[in-house]
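As a plain string of letters, each chain reads:
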Amino acid sequence: MAYVVTDACVDVQDQSCVEECPVDCIYEGDRMMYIHPDECVDCGRCEPVCPVTSIYHHEDLPPNLAGFAQINTEFFADLGSPGGARKVGRTGADHPAVSGDPS
């Protein structure tokens, strides 16, 4: 895992990060974006363009946002590794911690 999207992205989804990502590893959920931990190449291009400071390198996650590393990883449990967000498009779903769904 390299970069992680956190709660500042919820209901914002500016997508400046998507335009910068050279490997298309930033996927669109219903309420926020998610970086695929296995597809990210750790280039860092997404972090500085995020207008709401939602993206952190996993080693730099503030303690109060550390859970988002797991949230980003778990988001892909069912989706797998499709090899590019453009192939998938908007998923229409979020991790339960983001959607508010306790399931």
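Basis of the calculations
- Residue numbers run consecutively from 1 along every chain, following the written order of its sequence.
- Per-residue local features of the predicted model are confined to residues with pLDDT of at least 70, and side-chain atom pairs are confined, for both listing and counting, to 80 or more; whole-chain, interface and lining totals are unaffected and use all residues.
- Side-chain measures were taken over the full set of non-hydrogen atoms in the model, leaving aside hydrogen atoms and water.
- Secondary structure elements follow DSSP: runs of H or I no shorter than four residues count as helices, runs of E no shorter than two count as strands, and numbering proceeds from the N terminus.
- Three labels apply to residues, based on accessible area from a 1.4 Å probe with only protein chains included: buried if under 20% of the type maximum, exposed if over 50%, partly exposed otherwise in between.
- When the sulfur atoms of two cysteines come within 2.5 Å, that pair is taken as a disulfide.
- Under this definition, polar contacts are N or O atom pairs within 3.5 Å; protein pairs additionally need one hydrogen-donor-capable and one acceptor-capable atom, and for neighbouring residues in sequence, both atoms have to be side-chain atoms.
- Whether two residues are in contact is decided by their heavy atoms: any pair within 4.5 Å suffices.
- Throughout, nonpolar core names a set of buried Ala, Val, Leu, Ile, Met, Phe, Trp, Tyr and Cys residues whose side chains join them through atoms within 4.5 Å.

A. Inspection of unusual backbone geometry at higher detail. Of note, the phi angle at Gln-13 is positive, near 45 degrees, even though the residue is not glycine. With respect to the secondary-structure elements, Gln-13 resides in the loop between strand E1 (3–5) and helix H1 (16–20). Classification of Gln-13 by relative accessible area gives buried; the value is 15%. With a phi angle near 70 degrees, Gln-15 is a residue other than glycine that sits in the positive phi range. One can find Gln-15 in the loop between E1 and H1.

B. Quick peek at the state of the cysteines. Using the criterion set out here, one finds 0 disulfides in the structure. Counting only cysteine sulfurs, Cys-50 is the nearest neighbor of Cys-17, a cysteine outside any disulfide, at a range of 6.4 Å. Free cysteine Cys-43: the closest other cysteine sulfur is in Cys-21, separated by 6.1 Å. We classify Cys-43 as partly exposed; its relative accessible area is 41%.

C. Main features of the side chain of Gln-13. For Gln-13, the side chain forms a polar contact with the main-chain oxygen of Met-32, separated by 3.4 Å. If we skip the residues at most four places from it in the chain, Gln-13 touches Glu-28, Gly-29, Asp-30, Arg-31, Met-32, Met-33 and Arg-90.

D. Focus on the nonpolar core. Of all hydrophobic cores here, the largest spans 29 residues; its most connected members are Ile-26, Ile-35 and Ile-55. Mapped by element, the contributors of at least two residues to this core are E1, H1, strand E2 (26–28), strand E3 (33–35), strand E4 (55–57) and helix H3 (67–79). Contact partners of Ile-26, with chain neighbours within four places excluded, come to Cys-17, Val-18, Cys-21, Met-33, Tyr-34, Ile-35, Cys-46 and Ala-85.

E. Structural context of the environment of His-58. When you line up the elements, His-58 lands in the loop between E4 and H3. Ignoring anything within four residues of it in the chain, the contact list for His-58 reads Met-1, Ala-2, Tyr-3 and Val-4.

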